[in-house]
Amino acid sequence: MGKPLFYEILEKPATSCVVGLCCAIWFYIQKKGIGYSHVGLSYDAAMEGHYWRIITSAFSHISVLHLVFNMSALWSLGVVEQLGHMGLGVAYYLEYTLVLVILSGVLVLGIYRVLIHRFKIEYFRRVTAVGYSCVVFGWMTILAVKQPSSKLDLFGFLSLPISFAPFESLIFTSIIVPQASFLGHLSGIIVGYAVAWGVIHGMNSYWAISMLGWVVVVFIYSLKRSGAYDLNFLEIESVTDPSLPSVRFVATGNGRTMQMTPLPVGGVELV
């Protein structure tokens, strides 16, 4: 018999937060009737400046089966948080989850670009990717390299050797769920190998926070610029109070002189 759920949550705090966030977003999407085209990532949308979709597409799920599969796999992969003695642990998990979300999204867009412009396959302009699968496949790959003796548990009864799980799952999902994003999953595997083999390395708290800061800036800027959502509360309006004195500089023969207009009758009250 396994540990009580409460203790597992304490042992996998970051994984628990991600699972909770994805479930909350799924519930919100269902309640509001939001479609995948509103939050998913496509090549045309990205070229129109909808860079924020790299984030929203990763944490959004439309079908409950898709959500259950991804969250079940992610929960099993949360063992990464317990492997601090191997150089992994909670901090490593959080830092490289951010890397996986961003780089797998960028990579899939790069693959779409090659297929569209090099091979003239216009179909990939309209393909819209949604779901946390890219990150799940990335962590499968990292764990397969770092801890090949681990097992991947799905739905509580299906267990796969982690060393073969990335490609087994890639084939399995492509057969069972034909609309699954093969290229999205493959992008997660590629980024996962890059992290596991040390091609992408050096992430620490400083770089993770810096990267997160830039992600937030680009997210808000692109969201506002694309006009997808009303962000008028971010507007900074100039405020001119006629009751306050104005200051200006006037060029004179001796240099520049500062002039201040007098206060109107009544002045300013300080309270």
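Residues numbered from 1 in each chain as written. Predicted model: local features only at pLDDT ≥ 70, side-chain atom pairs only at ≥ 80, totals over all residues. Heavy atoms only, no water.

Taken as a whole, this structure holds 3 salt bridges when the rule is applied. Taken together, the shared-partner salt bridges in this structure form one network comprising Asp-44, Glu-122 and Arg-125. (Salt bridge = Lys/Arg side-chain N within 4 Å of Asp/Glu carboxyl O.)

This brings us to the side chain of His-50. For His-50, the position within the fold is in the loop between helix 4 (43-47) and helix 5 (53-59). In this structure His-50 comes out as buried when scored by relative accessible area, which is 11%. Apart from residues no more than four positions distant in its own chain, His-50 is found in contact with Ala-45 and Ser-226. (Helix = DSSP H or I, 4+ residues; strand = E, 2+ residues; numbered from the N terminus. Buried < 20%, exposed > 50% of the residue type's maximum accessible area, 1.4 Å probe, protein only. Contact = heavy atoms within 4.5 Å.)

Moving on, we come to unusual backbone geometry. A positive phi angle, close to 60°, is found at Lys-120, a residue other than glycine. Within the element layout of this structure, Lys-120 appears in the loop between helix 7 (89-118) and helix 8 (123-126).

Let us look at the environment of Ile-209. Locating Ile-209 in the fold gives a position in helix 12 (residues 205-226). When the C-alpha atoms of Ile-209 and Leu-98 are compared, they prove to be 9.9 Å apart, with 111 residues separating the residues in sequence.

Between helix 7 and helix 9 (residues 133-146), the shortest axis-to-axis distance is 9 Å and the interhelical angle comes to 125°. As far as their axial angle goes, helix 9 and helix 7 are oblique. Two packed elements cross with a definite hand, and for helix 7 against helix 9 that hand is right-handed. Taken together, the residues of helix 9 that come into contact with helix 7 (itself represented by Tyr-92, Tyr-93, Tyr-96, Thr-97, Leu-100, Val-101 and Ser-104) are Cys-134, Val-135, Gly-138, Trp-139, Ile-142 and Lys-146. By residue class, the composition of the contact of helix 7 with helix 9 is 9 nonpolar, 3 polar and 1 charged. (Axes fitted to C-alpha atoms, helices over the stretch in contact; angles between N-to-C directions. Parallel < 35°, antiparallel > 145°, perpendicular 65-115°, else oblique. Left-handed = near helix turned anticlockwise from the far one by under 90°. Nonpolar A, V, L, I, M, F, W, Y, C, P; charged D, E, K, R; others polar.)

Before going further, it helps to examine the UniProt feature "transmembrane region" (unreviewed entry) in the protein. According to UniProt, the feature "transmembrane region" (unreviewed entry) maps to residues 50-73, 93-115, 127-145, 157-177, 182-200 and 206-223 in the numbering used here. Helix and strand shares over residues 50-73 are 71% and 0% respectively, and the end C-alpha atoms of the span are 29 Å apart. For residues 206-223, helix accounts for 100% and strand for 0%, while the C-alpha atoms at its two ends are 26 Å apart. (UniProt positions renumbered as here; feature names shortened; annotations may be inferred.)

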